[in-house]
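Inside the fold
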Amino acid sequence: MKPVSLVLFLTFTLLAFSAGHILPGAAEVGSRKQKVWARAGSSAMLPCYLSHRKMGKSWKQLPDKTSVLWKRLGGSTHQEPHAVLEVEVSGLRKTALPMRPRVSLQDSALRNGNFSLRISPVRSEDAGLYEARVVHNTKVQSCHVELGVITVTLSPPSPVVENEPLLLRCNSSHRASLVEMCWFHSGSPVPTSRTFCSSHGALSIFRPATSDAGSWRCQLRYSDNETISAMYNLQILGFDGPTSPVVYAAAGSAADLPCTLSYLPSAFGINAVTAHWSRLVGGHLQDWGISHNSSSRSFPLHLPAVGLGDAGQYRCAVSVGSRTISRDVTLAVVTVTPSIQGPVSEGSHLLLLCSLTHPQGHERFQWKQLNSASTNSKLARAASHNLGRYRFQMGPTLEIPHVSQKDTGTWECSVYGPEGRLGAVEYGLQITGAQVSSPPTIFSGQVTFGLTLTFFLLLTVCVLALALQKRARPPAFPALDGMIAITVPGKKEVEENQKEKIQQTEC
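This one's a predicted model, so the numbers in the text were calculated from it and none came from an experiment. Each chain carries its own residue numbering, running from 1 in the written order of its sequence. Note on the predicted model: pLDDT of at least 70 is required for a residue's local features to be given, and 80 or more for side-chain atom pairs to be given and counted; whole-chain, interface and lining totals, by contrast, use all residues. As a convention, hydrogens and water are excluded, and side-chain values are obtained from all of the structure's heavy atoms.

1. Topic: the pattern of salt bridges
The test is simple: Whenever Lys or Arg places a side-chain nitrogen within 4 Å of a carboxyl oxygen from Asp or Glu, that contact is recorded as a salt bridge. Helix numbering and strand numbering both begin at the N terminus, where a helix is a DSSP run of H or I of at least 4 residues and a strand a DSSP run of E of at least 2. Exposed residues in this analysis have more than 50% of their type's maximum accessible area, buried residues have under 20%, and partly exposed residues fall in between, with area computed by a 1.4 Å probe over protein chains only.
Enumeration according to the criterion identifies 10 salt bridges in this entry. A salt bridge links R102 to D126, with the nearest nitrogen and oxygen atoms 2.7 Å apart. One end of the pair, R102, is in the loop between β5 (93-95) and β6 (103-104); the other, D126, is in the loop between β7 (117-119) and β8 (128-136), and 24 residues separate them in sequence. Each member of the pair, R102 as well as D126, is classed as buried. Its salt-bridge partner being E180, residue R221 comes within 3.2 Å of it at the nearest N-O pair. Within this pair, whereas R221 is found in strand β16 (residues 214-222), its partner E180 is found in strand β12 (residues 178-185), the two being separated by 41 residues in sequence.

Okay, structure coming up:
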């Protein structure tokens, strides 16, 4: 082998050996050009490392004998090379005014041979080729990194209001021809439909809903087989919950109609928020006033006691800044209509009909007895056994062929839907002549005898007490106790005595 060929062979071998020690995903000083992609608005790290193998034992002296200069060699807007950031041997830092304070180097990383440049946030005009010149002792080495920027823009700008059309655009600084663009929402591809339309690097959403909020990703594939992608977090200002909510409430009970925004308006820098409720009744508009609250996203309407006249559709309108969004809420009232009005006689045939205003078509009804008027445990167990076919009954109508005392109590009609229980109404059943309990005859006789005996005992005690009280009472006139009772003769006796005295005198 010729000497020249041997030298070339050894040179390429050494180059291959050196290339095998480049850190993954990073650019080593003196290595080939690296390319980094970043989304506009995020942060980017332009890698540049000086390996300890090349530095030998002098890596501990890096802060004292090393200077770094990052320069931009060219780009879409800046064609002339210009300095971006410089760290002198003395530690003095110089930053280009247009990129201050978006560029930085970490001091702790410099001690380990890490000269990577951080840019945050990245702008679309930052795209281009960058060079880092590292001077260590007397050696000058360099890193070359190309920064590509992919941009996702939203039109109209945030906040996006539900049901208002929006446009998502995705493009990059890559110079090759765009071959294909795909959109993904929460990891799933988005097909073209009446709601979504993708064309010329943009995605149109004609009637966005709050369910369309979240993570979106655009993927671009170019003619040189370069494939890049970027994420975008889409926020849509609308209402939480279903599109057309229905509130089920029992007649006579309170109801709260929801009106909750998906985000706090203050998160978008909006402080002017007003909300009011309205309802069209008989051609007249009812208004429940206006609420001002920028620190809350919930504006419910409280109805203290609802009736059949309150059932219907209500509208909540929220003004956020210069835009107004509204949502319709339906109030469905649940009622019970008995076939017999008022108290029900024992043995009657009774029907209880559970009805619902504004049904949606998916409701199911279930009747259940909550409690019974029986208080005796044995009778309660017997009632529970006899009510087996009534205690849980499906359907809107509850039929009791022969009403008895065990049917007295509270009955509940519950309304169920696919999502579970929606509401319930209670009905109190009263039976004429019904007794709380029916104790045995022997037990009743014992009670009567006991009550009679107790009455006589109380009467005897009262008489004795009165007698003792009368005996122990002192006389009203104590001076009369020592006087002797003298019998006063009558008129007739006086006349007879006088006649006797006259006769004795004549003799």
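2. Details of the environment of S67
What counts here: Contact definition: two residues touch when any of their heavy atoms are within 4.5 Å.
You can see S67 is positioned in strand β3 (residues 66-75). Remark: the alpha-carbon pair of S67 and V87, spanning 20 residues in sequence, is separated by 5.5 Å. Not counting the four nearest positions on each side in its chain, S67 is found in contact with V87, E88, V89, R133, V134 and V135.

3. Observations concerning unusual backbone geometry
Residues S120 and P121 are joined by a peptide bond in cis, for which omega reads -5°. Its place among the elements puts P121 in the loop between β7 and β8. With omega at 0°, the peptide bond leading from S155 into P156 counts as cis. For P156, the position within the fold is in the loop between β9 (139-155) and β10 (160-161). Here N163, not a glycine, exhibits a phi torsion of approximately 75°, which is positive. Position of N163 among the secondary structure elements: in the loop between β10 and β11 (166-172).

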